[in-house]
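One-letter residues, chain by chain:
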Amino acid sequence: MSLRRYVLRRTLLTLPILVGVSVLTFGLVKLLPGTPVDYVLQFQEATPGLRASLRAQYHLDEPVWEQYLLWLSDVLRLDFGERIVSDRSVSAAIAERLPETLVLGGVSFLIALLAGVPTGVVAAVRRGSLVDEGSRVVALLGIATPNFWLGLLLILLFGVHLNLVPVIPPVAPVLAPESLAFLVLPAVTLGTASAALFTRLTRSAVTEQLRQEYVRAARARGLDERTVICKHVLRNSLISVVTVAAVQVAFLLDGAVVVERVFSWPGLGRLLVRAILQRDFPVVQAVVLLVATAVVVANLLADVLYAWLDPRITY
Amino acid sequence: MPPVTTSRRRLLRWVGATGAVGLAGCAGGDGGSELVATLGADVSTHDPTQANDTTSRKTFDLVYEPLVGVDFEGDVHPVLATSLDQRDDRTWRVSLREGVTFHDGSDFTAADVKATFDRYAGTPRESDVFLWYDGATIRDDHTLDVTLSQPYAPFRSTLGGIPIVPEAAATDALDLAAGPVGTGPYAFDTHEPDRLYRLVRADDHWYDGDDVPAEPPIETITFRIIVEQSSQVAALQGGDIDLANNPPADAVADLRDDDSITVSEHLAGGFEMLVFPLASRPFSNRDVREGVSRLIPREAIIDSVYGGIGQPAYAPISPLLDDYTTESFLAEMGDEHMRYDPDRAAELLDAGFAALDISPPYETTIVTNETGDRVRWAQLVRDELNATDFFDVSIEQFEWSTYIGRILSGDAHRSDAMMALGWSGGWDPDTYLRNVFHSEQATPSCCNAGHYANDEVDRLLDEALATYEVAERRSLYERAQRRIVADAPVGFVRFGTRIEAYRTDVVEGFRTYPLDSGEFTSIYAPTMGAYTTTGGR
């Protein structure tokens, strides 16, 4: 099968996946106890008439499958509806926060790659050395540390004790220099686990390549070690790293849920958590659909990159 | 101080946006000053008839104004009304202040007041108004008669919670969702969702007395939206914000030790309680309920959970309302039915379990939401109950919507779970009693989750609601409280305290308001003689 046909088939396959995700999310939100009406009225006196009219307003008095079809028909017209507990549209709420999450995710991803890959290469080349052992310990710590805890620790150290950085985001556009400077701590918090993953992955891939015949041949030809590693070994090792990295992009999107809260960063993660807590299902649906799309696209991208990087691979 | 023109403000904002002077807390220039405060969640609406969350309501205080305001001691002061005259049991004549304009330039008249009340019908906050409102007759531009559906004693303090909006908001001509339009000392400036909410001093607020400065000393109030409590405390300590609301109890001690920070507190209008499911054995038995109440270690809870802040509750009405309760009355209620006393509890539980013919230990749960302090006090109660031979209690924690769904669904009184619950009252004694203890307020109508029903209590509460005379009301409420405490449908735990912390070198004149959603009252409330400055900057 040609690459083009493969991509086409995979793209078509994503549609049922997205529908499945949306059905599942809708069902899960509906299964949760407590309705938006409970949330809106909270501990207030309300006549049965008011309750009924609010239920009707949110279409809660219709069967769940009808509510779903109603939602689906709106979404097909790219109308994500109104938020239940706020007077803003869902699309606007997402559009306001998407750039924030993308920038945070992007910076974290860069930090993870810049820290993870070189460390992995050095660890593989100097296998058994102090650098290798040290990076192993740091990587394990990085994967095992909960990011909300790491975030709070960084805030206390750099924001309060040393008072080097602000604790809350500056009032500035997301790409302004001071916003990017502020982003270093949240991005490190969010990127640490990925960096650790990249380190371990790169190390094992490079180690594997170093055992290959062509490395010995290159060395025998008298090439210096730098050329051997950078020109030959690294290129071949990075195939697996690139594919994992593509998938990791999507995970950075939802990893932001916790980090955004700790650093008061106004992104999608906070919107999603609040919407779930308030049973604001139009928002939950839309954000989950967005994240699901990102995951599916990232996976597709990973597969395509894999084939493109290594022409021996066919589908 | 020269008046700040819009264009300069716009220029400042533009410069700030390009990144030259955008850091939080540094926007103050030569003429104005900025206060950086926080909100614990995003503002969800600007419309008072839609606002179900305290966060949105907090911001109303400075943008909208009510007819009357209730000050820090509970006394009523005129704001947009100049007088309220009672014509008869059900009619009040309201005279309005003249020369007041809304932020959109329209004049404030009686038509705005009537429209404000009318548009509550059918909205989530309908009960704010339609509990007592029958209609209003406009007599002239600045006078109207408000007719009540029944004699309603809390009328004046209730008006304090009704922000007046322009008449146009009742039509399509003005959409409050786009931004609030009130008559208050501050006007809406910007809302960047989940990031900040900003108010600026309104151009010509009506106040021209000399008790306080004729215009608010603080030019800009920026509320940063910080959900994570630990981050809010860190932001205060790091100097990113000037004022923090309701820091968690375990952070208060640290803040007190910090020389650069002042901690301000005030007894609050609210209490924590343990609600019993009255339709379910063994909680259907009064002795069992009093026995459990007497095992609530209130002093220990206040010491270890709340860092010594707050006071034990033995009856519903907060001591904040000193017209309606006294320390000695609370102490008496404690002695008679509530105070921690394991020996007396054992006798009562013994008698109760024997009467029901239940052989202990009885396995049950305490339902709570995830509020840390509430979970911790529920755990202490669990430990006390499990230390007896009568109970085997575990804690069930739920996130907020699940929790309120369980408690308010209408069948919690039949489950076997006790419920840990907080209740916020207001300036009128009715707010501490009717919603929680009147039989007509049984869930799902409102908040009587245990389905407590006592005809005498219902009658006393109804009568007190319609009685204007304070001494007479006090005696009715005292009788109702005695009856409720004796029946022990809930175990009262603690009266809360409101706490704020602010940077000593920046904030001057700030005072803690006792009720939720009134946090920012003292920034500028001229008729109460309150104002705040950022003197240190």
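Up top is the structure these notes are about.
Attention in this report is confined to the structure presented alongside it. (Residues numbered from 1 in each chain as written. Chains lettered and ligands numbered in written order. Predicted model: local features only at pLDDT ≥ 70, side-chain atom pairs only at ≥ 80, totals over all residues.)

Glancing now at the overall build of chain A. Check the secondary structure of chain A and you find 12 helices and zero strands. Walking chain A from its N terminus toward its C terminus, one meets helices and strands in the order α-α-α-α-α-α-α-α-α-α-α-α. Along the three orthogonal principal directions, the C-alpha set of chain A runs to about 85 × 60 × 35 Å. Out of the 315 residues belonging to chain A, those deemed buried represent 38%. (Helix = DSSP H or I, 4+ residues; strand = E, 2+ residues; numbered from the N terminus. Buried ≥ 20, exposed ≤ 12 C-beta atoms within 10 Å, placed from the backbone.)

Another point: the overall build of chain B. When helices and strands are counted, chain B shows 16 helices and 19 strands. The C-alpha radius of gyration computed for chain B amounts to 25 Å, which stays within 12% of the reference 24 Å derived for 537 residues, consistent with globular compactness. Along the longest, intermediate and shortest principal axes, the C-alpha atoms of chain B span 80 × 55 × 40 Å. Counting across all 537 residues of chain B, residues that qualify as buried make up 53%. Pairs at least 24 residues apart make up 70% of the contacts formed inside chain B by residues separated by at least 6 positions. (Rg over C-alpha atoms; globule rule 2.2 N^0.38 Å. Contact = placed C-beta atoms within 7 Å.)

Here the focus is the interface of chain A and chain B. By a widely used convention, the size of an interface equals the accessible area lost when the partners come together. Of the residues lining the interface, 47 residues belong to chain A; the matching set on chain B comes to 47 residues. Top contributing element to the side of chain A that touches chain B by residue count: helix 7 (residues 147–161) of chain A, with five residues. Its residues assigned to classes, the side of chain A that touches chain B comprises 29 nonpolar, nine polar and nine charged. (Nonpolar A, V, L, I, M, F, W, Y, C, P; charged D, E, K, R; others polar.)

Residues and elements named next belong to chain B. One open sheet accounts for four strands, arranged 4-5-7-6; its pairing is antiparallel. Whereas interior strands pair on both sides, the edge strands pair on one side only; in this sheet they are strand 4 (81–88) and strand 6 (133–140). Ignoring which end each strand starts from, the neighbouring axes of this sheet average 20° apart. Running over the sheet, helix 3 (residues 110–118) touches strand 5 (91–96), strand 6 and strand 7 (143–148) and is turned about 170° from strand 6. (Pairing = 2+ DSSP bridges. Axes fitted to C-alpha atoms, helices over the stretch in contact; angles between N-to-C directions.)

As a further point, take the sheet that holds strand 8 (residues 186–192) of chain B. Residue and element names in this part refer to chain B. One open sheet accounts for four strands, arranged 1-10-9-8; its pairing is mixed. At either end of the open sheet lies a strand with only one pairing partner, and these are strand 1 (34–39) and strand 8. For this sheet, the mean angle separating the axes of adjacent strands, direction not counted, is 20°. Relative to strand 10 (residues 220–225), strand 9 (residues 196–201) runs antiparallel, the two being bridged by five bridges. From the neighbouring strand, Val200 faces strand 10, where its bridge partner is Thr220. Across the face of the sheet, helix 2 (residues 54–63) comes into contact with strand 1, strand 8 and strand 9 while running at roughly 145° to strand 8.

Turning to the environment of Tyr197(B), a few remarks are in order. Residue and element names in this part refer to chain B. Summarising the element assignment, Tyr197 is placed in strand 9. With 25 C-beta atoms counted inside 10 Å, the residue Tyr197 sits in the buried group. Along the sequence, Tyr197 and Thr443 sit 246 residues apart, while their C-alpha atoms lie 35 Å from each other. Here Tyr197 is in contact with Leu39, Val43, Thr59, His191, Phe223 and Ile225, once residues within four sequence places are set aside.

Where helix 7 of chain A meets helix 6 (residues 229–237) of chain B, the closest approach of the two axes is 10 Å, and the angle between their N-to-C directions is 10°. As the angle between them shows, helix 7 of chain A and helix 6 of chain B are arranged roughly parallel. Packed against helix 7 of chain A, whose contacting residues are Leu152(A), Ile155(A), Leu156(A), Gly159(A) and Val160(A), the element helix 6 of chain B presents Ser230(B), Ser231(B), Ala234(B) and Gln237(B) at the interface. (Parallel < 35°, antiparallel > 145°, perpendicular 65-115°, else oblique.)

What follows deals with unusual backbone geometry. Most peptide bonds adopt trans geometry, and most residues besides glycine take a negative phi value. A cis amide bond, omega 0°, links Pro360(B) with the succeeding residue Pro361(B). Mapped onto the secondary structure, Pro361(B) falls in the loop between helix 11 (342–356) and strand 14 (362–368). Backbone torsion omega between Thr443(B) and Pro444(B) reads 5°, so that peptide bond is classified as cis. With respect to the helices and strands, Pro444(B) occurs in the loop between helix 14 (430–437) and helix 15 (455–465). For His59(A), which is not glycine, the phi torsion reads 60° and is therefore positive. Tracing the chain through its elements places His59(A) in the loop between helix 3 (48–57) and helix 4 (64–76). The exposure class assigned to His59(A) is exposed, which follows from the 11 C-beta atoms found within 10 Å. The phi torsion at Ser264(A) lies on the positive side, around 50°, for a residue other than glycine.

All names here are of chain A. Packing of helix 6 (residues 130–144) against helix 8 (residues 177–210) leaves a shortest axis separation of 8 Å and a crossing angle of 140°. In terms of their interaxial angle, helix 6 and helix 8 are classed as oblique. Relative to helix 8, helix 6 is oriented so that their crossing is left-handed. Across from Ser135, Ala139, Gly142 and Ile143 in helix 6, the residues of helix 8 making contact are Thr192, Ala193, Ala195, Ala196, Leu197, Thr199 and Arg200. In the contact of helix 6 with helix 8, the residues fall into six nonpolar, four polar and one charged. (Left-handed = near helix turned anticlockwise from the far one by under 90°.)

The end-to-end C-alpha distance of helix 4 of chain A is 18 Å, a good match for the 18 Å that 13 residues give at a rise of 1.5 Å each. Looking one or two residues beyond helix 4 of chain A, the residue adopting positive phi is Leu78(A), at roughly 60°. (Expected span 1.5 Å × (residues − 1).)

Our next topic: the environment of Ala177(B). In this structure, Ala177(B) sits in the loop between helix 5 (155–159) and strand 8. As a C-alpha pair, Ala177(B) and His46(B) span 131 residues in sequence and 5.7 Å in three-dimensional space.

All names here are of chain B. Here six bridges tie strand 6 to strand 7, and the two strands are oriented antiparallel to one another. In the strand pairing of strand 7, Asp140 is matched with Thr143. With antiparallel pairing between neighbouring strands as the criterion, strand 6 and strand 7 make up a hairpin whose turn holds two residues.

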